[in-house]
Amino acid sequence: MKVYDYVRSFEAARRITALNHAHGVLTVERVLHVDFERVGNRFLTGHHSLALLAAWWYQFAHISVTLVVLAGCYAIRPAIYRSARNALVATNLVGMIVFFVLPVMPPRLLPNGGYVDSVALAGFGTTHGGPVPADQYAAMPSLHLAWATWTAMVAASLLAGRPWRQLCYAYPIITGIVVVVTANHYVLDVMAGVGVAVATASASGLLRPRASRFDPQATTSARPWIPTQMIRRRTRNAKTQAPGISGTQTVSSRYPRTTPIADGEETPTAMSPVARVTSSAPSPPGEGTMTDSDDATR
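One structure accompanies this document, and this report is about it. (Residues numbered from 1 in each chain as written. Predicted model: local features only at pLDDT ≥ 70, side-chain atom pairs only at ≥ 80, totals over all residues. Heavy atoms only, no water.)

### Observations regarding the overall build of the chain
Then comes step 1: Regarding its fold elements, the chain presents 12 helices and 2 strands.
Then comes step 2: Beginning at the N terminus, the succession of helices and strands in the chain can be written as α-α-α-α-α-α-α-α-α-α-α-β-β-α.
Then comes step 3: The buried share of the chain, reckoned over its 298 residues, is 35%.
Then comes step 4: Expressed as a percentage of contacts within the chain between residues at least 6 apart in sequence, the contacts between residues at least 24 apart total 78%.
Then comes step 5: For the chain, the exposed surface amounts to about 19,300 Å²; the carbon and sulfur share of it is 62%. (Helix = DSSP H or I, 4+ residues; strand = E, 2+ residues; numbered from the N terminus. Buried < 20%, exposed > 50% of the residue type's maximum accessible area, 1.4 Å probe, protein only. Contact = heavy atoms within 4.5 Å. Areas by Shrake-Rupley, 256 points an atom, 1.4 Å probe, with all protein chains shown as cover.)

Spelled out as structure tokens, the structure:
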């Protein structure tokens, strides 16, 4: 609020500069063949009910829809709330810097421009007073479009996985048409507003949210699905099994087993200790074990 009031204090001194910049914007639009402001404004002026609806949309959707989506992001997807909030704050900071450095007069204030201020005719005054005081020469970039684009991106994230989430992007499209036909912004203002919103969202990480314990969808997609029971079973077996066993396979020793295995005896699951081999004293010469042939001879 205070920053906007400070910027507005230079309004009289910036009038000529804002007027020159506005003519420059129109010149560029004529070269690009996108100067649709006067045609759209004349069409809207000839339809009273549509003009009234557009004025109300311009005046109230800008604040209310943005705050509702911001609150919904905090309640539903806290994992991306900080990135979304930082992107919105950065958008406003960029807008105020450009407003101060590059003031642009909106079409409705151009002398002899032939534009009709549809919002003023709806009873909102020539300054379009609202919850936030607006700089009269802050046409470039369009914060209405920057906020609308931010709102669409966050709302689409909240509705991830639903087929009709793409309808969220109809909101900035409608807002872009409204701000142009009501003679509040140029077409280039709309493009600049969208560009600022996308840039700040990308810089803050809103377009690439990190996996978090608060975001089950991101966590599930980030790693393969592993049953919890399988993890617990493997952990329990690893703690209770005897040394030498890995899972269900028996690790064999490189030393041969010295004790014979009786018939019907199950294969042991643990490695038997290696038997010690003790050597006896050598027999005297001429002595040894008698065989059956020696007994027969005797």
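### A look at unusual backbone geometry
Then comes step 1: The omega angle of the peptide bond from M140 to P141 is -10°, so this bond is cis rather than trans.
Then comes step 2: You can see P141 is positioned in the loop between α6 (118-124) and α7 (143-158).
Then comes step 3: The phi angle at N112 is positive, at roughly 55°, despite the residue not being glycine.
Then comes step 4: Of note, N112 is situated in the loop between α5 (78-101) and α6.

### Some thoughts on the nonpolar core
Then comes step 1: In this structure, C73, A84, W147, W150, V154 and L206 are the most contacted members of the largest nonpolar core, which totals 21 residues.
Then comes step 2: Of all elements in the fold, only α4 (48-76), α5, α7 and α9 (187-204) reach the threshold of two or more residues within this core.
Then comes step 3: Per-element accounting of this core gives the leading share, 7 residues, to α7.
Then comes step 4: Leave out the neighbours within four places in its chain, and A84 touches C73, W150, V154 and L206. (Core = buried A, V, L, I, M, F, W, Y, C linked by side-chain atoms within 4.5 Å.)

### Overview of a nonpolar patch on the surface
Then comes step 1: Together, I97, F100, V101 and L102 line one region of the surface with nonpolar side chains, adding up to about 380 Å² of accessible area.
Then comes step 2: Inspection of the secondary structure puts F100 in helix α5. (Patch = residues over 30% accessible without salt bridge, like charges linked within 9 Å, V, L, I, M, F, W, Y side chains within 5 Å. Salt bridge = Lys/Arg side-chain N within 4 Å of Asp/Glu carboxyl O.)

### A look at α9
Then comes step 1: Here α9 is 18 residues long and its end C-alpha atoms lie 26 Å apart, about the 26 Å a rise of 1.5 Å per residue gives.
Then comes step 2: Among the residues of α9, V187, L188, D189, V190, G193, V196, A197, T200 and A201 are the ones counted as buried.
Then comes step 3: Residues of α9 that are buried sit in contact with α2 (15-32), α3 (37-45), α5, α7 and α8 (170-181).
Then comes step 4: G205, located one to two residues past α9, shows a positive phi value of around 85°. (Expected span 1.5 Å × (residues − 1).)

### Remarks on the environment of V94
Then comes step 1: With respect to the secondary-structure elements, V94 resides in helix α5.
Then comes step 2: Among the residues examined, V94 registers a relative accessible area of 32% and is labelled partly exposed.
Then comes step 3: For the pair formed by V94 and L143, sequence separation is 49 residues and the distance between their alpha carbons is 9.8 Å.

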